[in-house]
Amino acid sequence: MAETADEIKDSVVEAMAQAGHDRKRLRSVGLTSDAAVSAASTSYPDGSALIGISEAVLALVPVYSRHLALAVARPNSFLRRLRRQRPFDTALLAALLRYTSRVERSSGSVRTLTIPLEPFQQHTADLLATHSLRFVIAHELAHHLRGPLDADRLAYQAVLAAHDSGPPSLVPLGALVAVTVVHNVEKSLFVRGAGHPPVERRLGVLWEEVPFHDRASFNTAAAQLSEATDLATNFTQGSPPRVSWDLLPDVAGHPFVRCDELQSLTPAQLVIELHRWPSIGSGARALLDGRLDDAAGQWELPLALFRAWQVATPLAASTLRLALQKVRGLEELTPLERCPVVEAMAALVEHRVIGA
């Protein structure tokens, strides 16, 4: 993106101030990428606030924007029509999204893979990403100003007012990307504790704001992004992943792929898988049987940790997995060997302790 996050925030603040909102209060709002969930605002007694946007949201906005640009950027010459962009590839986007989610679930770090774009497509992607981050920031500013009241509606109007380049039809698509990214992050990276309303309700609010002549393209894009997101964010234990790692040759042999394969196993099958390591397997059996004391003892984890996971909200998938990496017996494994073992353990904890 051409603009920094702070510059994007400043453009939203100015747009909302010109719309009649308290300029001083708006300008007292800070911005950080150190967010616990996806995006949130914290208000303080002096009227100031701090908006937090997670690294995952900041990383995924360009991924969605670049992919959507392939579908909406139009070649402007006959030569470019001969080299016209690929059609929207739902399966590829799902694989790209799954890669980011799988890495962060396992390690807590954010990594993304990108697709090549023509310069005119990259320009469109940059505009979409800017509108998207404006929407995320405006939504949190709206919470700061007016509580939970019509935050998405106010955010959309602010982004439209802040629009300064490119076709206005990209504004609703940028807002669409924002809502979809937040939904992705809260569904795929957290065992529980989503902080925003259901995505269907949020998209319904946006649709009402979209001009009539832009609704067809909005609906098409919403369906495409939603399908890819649903494919990528299904982490239900016992159901096979629905993404194709073969579309990403550079990561097809990565241990994260093995982690994904474990999703197909039932809890009982996970215990069998873990019995290759006796101390870990005995703790897994105890966990499956509901004997938390024995499981904690076998894994040399405080029982209080299991109890905390039963009630803690939100609980990041990576927080759970990073804690389990300290279990006795794992130190003898290489980092590559450890990944699928920890994933199997985490899946059992989510099933028997957390109830995910």
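Residues numbered from 1 in each chain as written. Predicted model: local features only at pLDDT ≥ 70, side-chain atom pairs only at ≥ 80, totals over all residues. Heavy atoms only, no water.

**Q** Before we move on, can you summarise the nonpolar core with the specific residues and values?
**A** Generally speaking, soluble globular proteins have nonpolar side chains that are buried together. Counting residues in each nonpolar core, the largest one holds 82 residues, and the members touching the most others are Phe135 and Leu141. Element by element, the count of residues in this core is highest for helix α6 (residues 119–146), at twelve residues. Apart from the residues lying within four places of it in its own chain, the contact partners of Leu141 are Val12, Val13, Met16, Leu26, Val29 and Ile51. Counting 37 residues, the second largest nonpolar core, distinct from the first, contains Val271, Leu301, Leu330 and Val349. (Core = buried A, V, L, I, M, F, W, Y, C linked by side-chain atoms within 4.5 Å. Buried < 20%, exposed > 50% of the residue type's maximum accessible area, 1.4 Å probe, protein only. Helix = DSSP H or I, 4+ residues; strand = E, 2+ residues; numbered from the N terminus. Contact = heavy atoms within 4.5 Å.)

**Q** Just give me the short version of the pairing of strand β2 (residues 39–43), but keep the residues and values in it.
**A** As paired strands, β2 and strand β3 (residues 49–53) are joined by five bridges and run antiparallel to one another. Bridging across to β3, Ala40 finds its partner in Gly52. Linking β2 to β3, which pair antiparallel, is a turn of five residues; within it Gly47 sits at a positive phi near 95°. (Pairing = 2+ DSSP bridges.)

**Q** Describe the packing of aromatic side chains, naming the residues involved and giving the relevant values.
**A** This structure, assessed with the given rule, holds one aromatic pair. Ring centres 5.9 Å apart and planes at 50° place the aromatic pair Phe306 and Trp309 in the tilted group. Residue Phe306 and its partner Trp309 are both found in helix α15 (residues 303–311); the two are separated by three residues, about one turn of the helix. Phe306 gets classed as buried once you look at its relative accessible area, which sits at 0%. Across the ring face of Phe235, the terminal group of Arg105 is positioned such that the distance to the ring centre comes to 3.9 Å. The ring centre of Trp207 lies 3.9 Å from the NZ or CZ of Arg215, which sits over that ring. (Phe/Tyr/Trp six-rings, centres within 6.5 Å; stacked < 30°, edge-to-face > 60°. Lys NZ or Arg CZ within 6 Å of the ring centre and 35° of its normal.)

**Q** Can you explain the packing of helix α5 (residues 90–107) against helix α16 (residues 317–324)? Please cite residues and give values.
**A** Interaxial distance between α5 and α16 falls to 6 Å at its minimum, and their mutual angle equals 45°. Judged by the angle between their axes, α5 and α16 are oblique. Each of Glu104, Arg105, Ser106 and Ser107 in α5 lies in contact with α16, whose residues at this interface are Ala317, Ser318, Arg321 and Leu322. The residue inventory of the contact of α5 with α16, partitioned by class, reads two nonpolar, three polar and three charged. (Axes fitted to C-alpha atoms, helices over the stretch in contact; angles between N-to-C directions. Parallel < 35°, antiparallel > 145°, perpendicular 65-115°, else oblique. Nonpolar A, V, L, I, M, F, W, Y, C, P; charged D, E, K, R; others polar.)

**Q** Before we move on, could you go through the environment of Ser132 and cite the residues and values that matter?
**A** Mapped onto the elements of the fold, Ser132 is located in helix α6. Taking the relative accessible area as the measure of exposure, Ser132 reaches 0% and is therefore buried. Through-space distance from the C-alpha of Ser132 to that of Asn219 is 17 Å; in sequence the pair is 87 residues apart. Ignoring any residue separated from it by four or fewer positions in sequence, one finds Ser132 in contact with Val61, Gly174, Val177 and Ala178.

**Q** Break down the sheet that holds strand β1 (residues 29–32) for me, with residues and values.
**A** Read across the sheet, three strands follow the order β1-β3-β2 without closing on themselves; strand pairing throughout is mixed. A strand with exactly one partner marks an edge of an open sheet, and here the two such strands are β1 and β2. With direction set aside, neighbouring strand axes in the sheet form an average angle of 20°. Note that β1 and β3 share four bridges and pair parallel. Following the sheet pairing, Gly30 is matched in β3 by Leu50.

**Q** Which residues make up the packing of α6 against helix α8 (residues 170–188), and what are the values?
**A** As a packed pair, α6 and α8 sit with axes 7 Å apart at the nearest point and diverge in direction by 60°. Crossing angle aside, the handedness with which α6 passes α8 is right-handed. Residue-level inspection shows Thr124, Leu127, Leu128, His131, Ser132, Phe135 and Val136 of α6 in contact with α8, the latter providing Leu170, Val171, Leu173, Gly174, Ala175, Val177, Ala178 and Val179. Taken together, the residues of the contact of α6 with α8 break down into eleven nonpolar, four polar and no charged. (Left-handed = near helix turned anticlockwise from the far one by under 90°.)

**Q** Residues and numbers for the side chain of Ser48, please.
**A** Among the structural elements, Ser48 can be located in the loop between β2 and β3. Using a relative accessible area of 16% as the deciding quantity, one classes Ser48 as buried. Here Asp46 takes part through its side chain, which lies 2.6 Å from a polar atom of the side chain of Ser48. Look past the residues within four positions of Ser48 in its chain and what remains in contact with it is Ser28, Thr42, Ser43 and His144. (Polar contact = N/O pair within 3.5 Å; in protein donor to acceptor, adjacent residues only side chain to side chain.)

**Q** Account for the pattern of salt bridges, naming residues and giving values.
**A** Once the charged atoms of two side chains with opposite charge are near each other, the side chains can pair. Taken as a whole and judged by the stated rule, the model has 21 salt bridges. One salt bridge connects Arg134 with Glu3, and the closest N-O pair in it is separated by 3.4 Å. Linking Arg134 in helix α6 with Glu3 in the segment before α1 (5–18), this pair joins segments that are 131 residues apart in sequence. Residue Arg134 is classed as buried on the basis of its relative accessible area, which comes to 0%. A relative accessible area of 23% means that Glu3 is categorised as partly exposed. When the shortest N-O distance is used, the salt bridge between Arg291 and Asp289 registers 3.3 Å. Given the relative accessible area of 42%, Asp289 is considered partly exposed. One salt-bridge network, held together by shared partners, links Arg98, Arg102, Asp260, Arg321, Glu343 and Glu350. (Salt bridge = Lys/Arg side-chain N within 4 Å of Asp/Glu carboxyl O.)

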